[in-house]
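One-letter residues, chain by chain:
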Amino acid sequence: ASVSVSRAMISMALAMRGAKVVLVDCDLRNPSVRERLYMEEEGPGLYEYLSEQAELEDILIWNQKYKMHVVPGGEAIENGSELIDSPRMAELFEELKKTAEYVILDTAPVGVLTDTAVLAEAADAALFVVKQDYAKRSAILDGIGQLAESKIYISGCILNGAQAGIGGYGYRQYRYYNKYG
C-alpha cells in the first residue's frame, strides 16, 4: 500500500535538513505528486520524458516552497510498464543521481502493478508505506513478500494516518500489561 503524502513528507524533511532531493512521481496511472505539493496542474512530466516528448530540463521542476526538485508524473496513462522498464528510465535515474543525494520514487501500490517491482530493481532501498485501517493484512504481507523477492533492501515501514486507539494501535491496546508488572 502506498500513499504519496508519506514520500513527499520524507522528501520535504530531507530537503529542510539541507539535502539535495528529487521526488519522482513514478505512478503513471495515477500521478498525484503535483496535487499533493500544490504545484501547477499542467506541464510535462515523467510520461512525456519517457515517451520522448520532453527532455530532463523540461520536467525537473524546482519547488521553492519545499526546497527540492520534483519530477511530476505528467499525463496519466493506463499501461506504463514498458516505459518504466525502459533504457530511458535508467538514463533518467543516472542523471538524477549526479545532482541529488536522494532520489525518492513515489510508486503505485505494491501488488497492484508490476511497475513497482521493476522500480525496486533500480532502487537502493524501499520504504514500505501502509495507511492505517486501509490495507488488509494479507495485502501488506503480499507486498512485503514481493519486495523481498526483488532482493531490495527494505529500510523500514511507515504507518501513515495513524491514530491512537483505532484498529488496535495505540496505548489502550496494551493496558492489560499493567496487571503483570
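Above this text sits the structure in question.
Below or above, wherever it landed, is the structure these notes cover. (Residues numbered from 1 in each chain as written. Predicted model: local features only at pLDDT ≥ 70, side-chain atom pairs only at ≥ 80, totals over all residues. Heavy atoms only, no water.)

A tally of regular secondary structure across the chain gives eight helices and six strands. Listing the helices and strands of the chain from first to last along the sequence gives α-β-α-α-α-β-β-α-α-β-α-β-α-β. Counting every position in the chain, which comprises 181 residues, the buried fraction comes to 41%. For the chain, contacts bridging at least 24 residues in sequence account for 74% of all contacts bridging at least 6. Here the chain has roughly 11000 Å² of accessible surface; of this, 50% comes from carbon and sulfur atoms. (Helix = DSSP H or I, 4+ residues; strand = E, 2+ residues; numbered from the N terminus. Buried < 20%, exposed > 50% of the residue type's maximum accessible area, 1.4 Å probe, protein only. Contact = heavy atoms within 4.5 Å. Areas by Shrake-Rupley, 256 points an atom, 1.4 Å probe, with all protein chains shown as cover.)

In this structure the tally under the stated criterion is zero aromatic pairs. For R88, the ring lying beneath its charged end belongs to Y49, and the centroid distance is 3.9 Å. (Phe/Tyr/Trp six-rings, centres within 6.5 Å; stacked < 30°, edge-to-face > 60°. Lys NZ or Arg CZ within 6 Å of the ring centre and 35° of its normal.)

The next thing to look at is the nonpolar core. A general feature of soluble globular proteins is that nonpolar side chains tend to end up buried together. V24, L46 and M89 are the most contacted members of the largest nonpolar core, which totals 21 residues. Contributions of two or more residues to this core are made by β1 (21-25), α3 (46-50), α4 (56-59) and α6 (87-99). Apart from residues lying up to four places away in sequence, L46 is in contact with V24, D25, C26, L28, V71, P72, G73, G74, I84, M89 and L92. Grouped together as the second largest cluster of nonpolar side chains are 14 residues, A8, M12, L14 and I104 included. (Core = buried A, V, L, I, M, F, W, Y, C linked by side-chain atoms within 4.5 Å.)

Here α6 spans 19 Å end to end across 13 residues, near enough to the 18 Å set by a 1.5 Å rise per residue. Buried within α6 are the following residues: R88, M89, L92, F93 and L96. Along the axis of α6, the buried positions cluster into a sector of 145°, meaning they face one direction only. The exposed residues of α6 that point more than 90 degrees off its buried face are P87 and K98. (Expected span 1.5 Å × (residues − 1). Arc of directions from axis to C-beta.)

Note: strand β5 (residues 125-131) against strand β6 (residues 153-160), seven bridges, orientation parallel. Paired with A126 across the two strands is I154, which belongs to β6. (Pairing = 2+ DSSP bridges.)

This part covers the sheet that holds β1. Strand pairing in a sheet is mediated by backbone hydrogen bonds. Such pairs are either parallel or antiparallel. Reading across the sheet, the four strands line up as β2-β3-β1-β4 and stay open at both edges, with mixed pairing between neighbours. Across the chains shown, the open sheet's two edge strands, defined by having one partner strand only, are β2 (61-63) and β4 (102-106). Pairwise comparison of adjacent strand axes, ignoring direction, gives a mean angle of 30° for this sheet. Direction of pairing for β2 relative to strand β3 (residues 68-71): antiparallel, over a ladder of three bridges. Counted as the bridge partner of I61 is V70 from β3. (Axes fitted to C-alpha atoms, helices over the stretch in contact; angles between N-to-C directions.)

Attention shifts here to the environment of G156. In this structure, G156 sits in strand β6. The partly exposed category is assigned to G156, whose relative accessible area is 23%. Aside from chain neighbours lying at most four places away, what touches G156 is A126, L127 and F128.

So, on to unusual backbone geometry. For residues besides glycine, phi is generally negative; the peptide bonds are generally trans as well. Within the chain, Y38 stands out as a residue other than glycine whose phi angle is a positive 55°. One non-glycine residue, K67, adopts positive backbone phi at about 60°. Its place among the elements puts K67 in the loop between β2 and β3.

This paragraph deals with the environment of V22. Locating V22 in the fold gives a position in strand β1. When the C-alpha positions of V22 and M68 are compared, they lie 6.1 Å apart, and in sequence the two are 46 residues distant. Discounting residues that sit within four places of it in the chain, V22 has contacts with L60, H69, V71, L96, A100, Y102, V103 and I104.

Functional significance is not addressed by these values, which are geometric in nature.
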